[in-house]
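Now for the letters of each chain:
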Amino acid sequence: MSDTADDDDRPTVAVLACGGTIASEPDDDGAAPAKAGDELVDAVPALAEYADVEAREVCGQPGFDMRWRDVLATADAAREAVAGNRGPGGETGVDGVVVTHGTDTLADTAFALELLTDLPVPVVVTGAQRRLDEPSSDVPANLTTAVRAAADERF
């Protein structure tokens, strides 16, 4: 990517990491969420074409282990990302939020976030069916599409 004046105009997107297959690595029991949000972002360098991405950890478990406290923590993290101070010039908030999540309860969390937050920016929830280390992984495409949607100026 070239350094141009347009790069300064890129939106900022917060990636809130909640675990799931999208963040999983092989282990003795098969696989488990192990990648931090910044590791996911670093694994998909194409994200930088669309936004400045800030990763934040919320929780790290399979989708079927998400509890209400985790959903509430995700809603709080989304609100904090939108309201938070992120720059020396006093810029506040991000322009979009992406939640990485396990697919078992992804739709439930997305619905809860719709009810629990009233944010002026897009909140996109995404997951994956195949880990980063697996053939034909959908992690890069799903994360890129989610960041692009969260960064889109039409919202």
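Treat the numbers as computed from the prediction; the structure is a model and nothing was measured.

S.K.: Can you break down the overall build of the protein chain residue by residue, with the values?
M.R.: Counting secondary structure elements, the protein chain contains four helices and six strands. Listing each helix as α and each strand as β along the protein chain from the N terminus yields β-β-β-α-β-α-β-α-β-α. Taken over 155 residues, the protein chain has a buried fraction of 43%. Within the protein chain, residue pairs in contact and separated by at least 24 positions form 70% of the contacts whose partners lie at least 6 positions apart.

S.K.: Can you lay out a negative patch on the surface for me, pointing to particular residues and giving the numbers?
M.R.: A cluster of acidic residues, Asp38, Glu39, Asp42 and Glu57, forms a negative patch on the protein surface. Broken down by element, the negative patch gets its largest block of residues, three residues, from helix α1 (residues 37-43). In this fold, Asp38 is placed in helix α1. By relative accessible area, Asp38 is classed as partly exposed at 43%.

S.K.: So, the side chain of Arg131: which residues are in play, and what are the values?
M.R.: With respect to the helices and strands, Arg131 occurs in the loop between β6 (123-126) and α4 (139-151). Excluding residues that lie within four positions of it along the chain, Arg131 makes contacts with Thr21, Ser24, Glu25, Pro26, Gly30, Ala31, Ser137 and Val139.

S.K.: Describe helix α3 (residues 106-116), naming the residues involved and giving the relevant values.
M.R.: Residues of α3 that are buried include every one of Leu106, Thr109, Ala112 and Leu113, and no others. The arc that holds every buried residue of α3, seen down its axis, measures 125°, which confines them to one face. Exposed residues lying more than 90 degrees from the buried face of α3 are Ala107, Asp108, Phe111, Glu114 and Leu115. On the buried face of α3, the contacting elements are α2 (68-83), β5 (96-100) and β6.

S.K.: Could you give an account of the sheet that holds β5, with specific residues and numbers?
M.R.: The parallel open sheet is built from four strands, whose spatial order is β4-β1-β5-β6. Strand pairing shows two members of the sheet lacking a second neighbour, β4 (52-57) and β6, which therefore form its edges. Each strand axis lies, on average, 20° off the axis of its neighbour in the sheet, ignoring direction. Here strand β1 (residues 12-17) pairs with β4 via six bridges, running parallel. Each bridged residue has a counterpart across the sheet, and for Ala14 the counterpart in β4 is Glu54. Helix-sheet contacts for α2 involve β1, β4 and β5, and the interaxial angle to β1 is about 160°. Helix-sheet contacts for α3 involve β5 and β6, and the interaxial angle to β6 is about 170°.

S.K.: Any chance you could break down the packing of α2 against α3 for me, citing the residues and the numbers?
M.R.: Following both chains from N to C, one finds α2 and α3 inclined at 55°, their axes separated by 10 Å at the closest point. Classified by the angle between their axes, α2 and α3 sit oblique to one another. Here α2 runs over α3; the crossing is right-handed. Facing α2, whose interface residues are Trp68, Val71, Leu72, Thr74, Ala75 and Arg79, α3 presents Thr109, Ala112, Leu113 and Leu116.

S.K.: Can you tell me about the nonpolar core, naming the residues and giving the values?
M.R.: Soluble globular proteins tend to pack their nonpolar side chains together in the buried interior. Residues Leu16, Val94, Val97 and Val99 are the most contacted members of the largest nonpolar core, which totals 19 residues. The element that contributes the greatest number of residues to this core is α2, accounting for six residues. In terms of nonpolar packing, the next biggest core, distinct from the first, is built from 18 residues, Ala23, Leu40, Val44 and Val139 among them.

Conventions used here
Residues numbered from 1 in each chain as written. Predicted model: local features only at pLDDT ≥ 70, side-chain atom pairs only at ≥ 80, totals over all residues. Heavy atoms only, no water. Helix = DSSP H or I, 4+ residues; strand = E, 2+ residues; numbered from the N terminus. Buried < 20%, exposed > 50% of the residue type's maximum accessible area, 1.4 Å probe, protein only. Contact = heavy atoms within 4.5 Å. Patch = residues over 30% accessible without salt bridge, like charges linked within 9 Å, V, L, I, M, F, W, Y side chains within 5 Å. Areas by Shrake-Rupley, 256 points an atom, 1.4 Å probe, with all protein chains shown as cover. Salt bridge = Lys/Arg side-chain N within 4 Å of Asp/Glu carboxyl O. Lys, Arg positive; Asp, Glu negative; His and termini not counted. Charge placed at Lys NZ, Arg CZ, Asp CG, Glu CD. Arc of directions from axis to C-beta. Pairing = 2+ DSSP bridges. Axes fitted to C-alpha atoms, helices over the stretch in contact; angles between N-to-C directions. Parallel < 35°, antiparallel > 145°, perpendicular 65-115°, else oblique. Left-handed = near helix turned anticlockwise from the far one by under 90°. Core = buried A, V, L, I, M, F, W, Y, C linked by side-chain atoms within 4.5 Å.

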